[in-house]
Amino acid sequence: VQLQASGGGLVQAGGSLRLSCRASGRTFSMYAMGWFRQAPGKEREFVAAIGYSTYYADSLKGRFTISRDDAKNLVYLQMNSLKPEDTAVYYCAADYSGSATSQAGIDYWGKGTEVTVSS
């Protein structure tokens, strides 16, 4: 599975962005998909995941929404009310046997798309 994230960019605080991640392969629907992010100088952290259920980092609930379109091999991350602290490189990830909430369980990573939120 190859993953390609897109949709990042520069946005003002309070704005919105929608990230997309396109996956190759015919077995996309069998994977739980997740988004992680890494801010400058910080470790990569979990953002959201979708499989049989959806999961969010507690601090992001209510602002971020993950969704997927299995017919198009796409997973999305809608980000609203963005804050400067949301500035990071966002990575999509695929997990075949788990929930895509833990980095240790990820089977495939995309290259990431950069999000910058200005104050």
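What counts, and where the lines are drawn
- Going along each chain's sequence as written, the residues are numbered from 1 onward.
- With pLDDT at 70 or above as the cut-off, local features in this predicted model cover only qualifying residues; side-chain atom pairs require 80 or more to be listed or tallied, and sums for whole chains, interfaces and linings still use all residues.
- The side-chain numbers reported here are obtained from all heavy atoms of the structure, hydrogens and water having been left aside.
- By definition, two strands form a pair when at least two bridges between them are found by DSSP.
- Secondary structure follows DSSP: runs of H or I at least 4 residues long count as helices, runs of E at least 2 residues long count as strands, and numbering of each begins at the N terminus.
- To get an axis, fit a line to the C-alpha atoms, keeping to the stretch in contact for a helix; angles then go from 0 to 180 degrees between the N-to-C directions.
- Between N or O atoms, a polar contact is any pair within 3.5 Å; within protein, one atom must be a potential hydrogen donor and the other a potential acceptor, and residues adjacent in sequence are included only when both atoms are from side chains.
- The disulfide criterion used throughout: a pair of cysteine sulfur atoms within 2.5 Å.
- Partly exposed residues are those whose accessible area sits between 20% and 50% of the maximum for their type, while under 20% is buried and over 50% is exposed, using a 1.4 Å probe and protein chains only.

Moving on, we get to the sheet that holds strand E8 (residues 74-79). Pairing is antiparallel in the open sheet, where four strands are placed in the order E1-E3-E8-E7. Of all strands in the sheet, those bounded by a partner on one side alone are strand E1 (3-6) and strand E7 (64-69). The average undirected angle you get between the axes of adjacent strands in this sheet is 15 degrees. Of the pairings in the sheet, the one linking strand E3 (residues 17-23) to E8 comprises six bridges and is antiparallel in character. Bridging across to E8, Arg22 finds its partner in Leu74.

To continue, consider the environment of Tyr56. With respect to the helices and strands, Tyr56 occurs in strand E6 (residues 54-56). The sequence separation of Tyr56 and Val115 amounts to 59 residues, and the corresponding C-alpha distance is 18 Å. Looking at Tyr56, its side chain comes within polar contact range of the main-chain nitrogen of Ile66, at 2.9 Å.

Let's shift gears to the state of the cysteines. This model, assessed by the stated rule, comprises one disulfide. Here Cys21 pairs with Cys92 through a disulfide, and the sulfurs are 2.0 Å apart. Note on the Cys21 and Cys92 pair: the S-S dihedral is about 50 degrees, so by sign convention the disulfide is right-handed. Residue Cys21 is located in strand E3, and its partner Cys92 is located in strand E9 (residues 88-95); the two are separated by 71 residues in the primary sequence. Taken individually, Cys21 and Cys92 each receive the classification buried, so the pair is uniform in this respect.

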